[in-house]
Every structure is written in structure tokens, then in C-alpha cells.
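Listed below, chain by chain, are the residues.
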Amino acid sequence: MRRAGPITLAALALFMANKAQAADLCQQVTASHSLQFLLDEKSGGVVQMIKPASFPADVKSFVIKSDDSFQDQEFQTFPLGKDGAGLAVHYEGSEAEQYTVMFDRVNGHLVKADPPNLNPTAQSYRNLWPVTIGGAPALFSSGDENGKPVTRIAPWQGHAWGAICEIASHDNSQTTK
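Colleague: What is the right way to look at the confidence of the model for the protein chain in this model?
Modeller: Keep in mind that low pLDDT regions are not for reading the predicted coordinates in detail. Looking at the protein chain, the pLDDT average stands at 82 and 78% of residues meet or exceed 70. Here strand 10 (residues 173-176) is the element of the protein chain with the lowest mean pLDDT, 52, and strand 1 (residues 47-49) is the one with the highest, 97. Contacts from residues 1-5, a stretch scored under 50 in pLDDT, to residues over four places away or in other chains number one contact. Note that residues 9-20 has pLDDT below 50 and, in this model, seven contacts with residues that lie over four places away or in other chains.

See below:
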């Protein structure tokens with residue numbers, strides 16, 4: 001039998017820590033009875049909606065270069081943590097369709113980051129909302145899936161997304177993916 005080396009064990013530990021942190025966010029929301037704040041898209045309990053903030057000038061040009069749908073649009077930027085990461089958002093159309101660009105600052109340079117897939121079944125369009133949960137930055141999305149209400153949360157962990165957890169709104173059960 002082959003023994004796992006230190007890199008494999010370290011990767012496993014990181015994977016388990018990411019799953020644990022995501023589950024912790026869902027557990028925090030459930031235990032603090034804060035799910036309704038997410039559903040209402042309002043601050044309260046352990047949930048704080050992240051407010052738009054100004055970013056250095058290079059962010060605007062980076063966002064427009066990353067997604068030309070941002071050209072000539074008013075858009076808002078939301079910080080995710082303290083390392084220069086953020087989410088740019090603008091809305092278009094009569095149904096207010098949301099367009100997003102996620103960015104991160106790594107070693108002083110802006111890079112595009114993919115947002116987490118909080119709607120894996122893609123049966124309905126959902127918006128992403130930036131929040132902190134117990135002080136940890138995250139994105140969440142709430143909606144119906146197969147006729148059942150579900151809220152998914154993904155924690156931003158420095159320069160990457162952690163594992164997604166979900167809360168089934170009808171029974172407050174939670175799972176981590």
C-alpha cells in the first residue's frame with residue numbers, strides 16, 4: 001500500500017478546511033436564525049449585505065476590458081475581503097438581468113476570477129449577492145429549484161472560492177458540495 005506524501009495530505013487538509021468553512025457559513029446562518037435576512041436581501045443577525053465601494057481607477061478599465069457588456073454602463077463594485085478582490089455588477093433589460101465580473105488583485109495585478117456556480121441546474125435565472133456572514137465575505141443566491149426554495153452560499157477565501165453549501169429554506173437543512 002502506498003503512503004500519502006505531505007503534499008497529498010496538505011491538499012486533503014485544505015480541501016476539508018474549505019468544505020468546513022462553507023458548511024460553517026450555512027450553519028452560522030441557520031443557528032442564528034438569519035436565513036430570512038438573506039431571503040430579504042437585508043442585513044441582520046450574522047448577515048451583512050456588502051455595500052458598493054469605490055475602487056482604484058484601474059478596476060473600472062479592467063472590468064470593461066474583461067466584459068464589454070460593461071462598456072458605457074453604470075456599474076457598482078463590491079469588495080470581497082481586504083486583498084483587492086471584488087465583484088462588479090450592472091443590470092440591463094426590462095427584467096433587470098444581472099451581469100457580473102469578478103476580479104482579484106494578485107501580486108499587485110488584477111486578474112479575472114470566475115464566480116461560483118450558485119445555480120447548477122440553471123432552471124431559473126438568479127442574482128448573486130455579496131455579503132459577509134460572521135465577518136467572512138461570500139456570495140449567495142436564493143431561489144426555487146424543482147419547486148423547493150434553496151439558498152446557496154460560497155465563501156471567498158483570499159484568492160479562491162471555497163466549497164458551496166446550501167440551505168433548503170423550507171426545512172433549514174444544509175448540505176455542502
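We are not done yet, so read on.
Colleague: Even after reading the chapter, I still don't get the layout of surface pockets, so can you show me in this structure?
Modeller: Which parts of space are left empty comes out when a probe the size of a water molecule is rolled across the atoms. Considered as a void within the structure, the second largest pocket measures approximately 150 Å³ in volume. What lines the second largest pocket is A53, S54, F55, P56, A57, V59, K60, Q73, E74, F75, Q76 and T77. Secondary-structure elements contributing two or more residues to the lining of the second largest pocket are helix 3 (57-66) and strand 2 (76-79). With three residues, the single largest contributor to the lining of the second largest pocket is helix 3. When grouped by side-chain class, the residues that make up the lining of the second largest pocket number six nonpolar, four polar and two charged.

Reading the values: the criteria
- Residues numbered from 1 in each chain as written.
- Predicted model: local features only at pLDDT ≥ 70, side-chain atom pairs only at ≥ 80, totals over all residues.
- Heavy atoms only, no water.
- pLDDT = per-residue confidence, 0-100.
- Helix = DSSP H or I, 4+ residues; strand = E, 2+ residues; numbered from the N terminus.
- Contact = heavy atoms within 4.5 Å.
- 1 Å grid on protein atoms, 1.4 Å probe; cavity = no way out; pocket = protein on both sides within 12 Å on 5 of 7 lines; lining within 4 Å.
- Points joined across faces, edges and corners; volume = space filled by probe spheres on them.
- Nonpolar A, V, L, I, M, F, W, Y, C, P; charged D, E, K, R; others polar.

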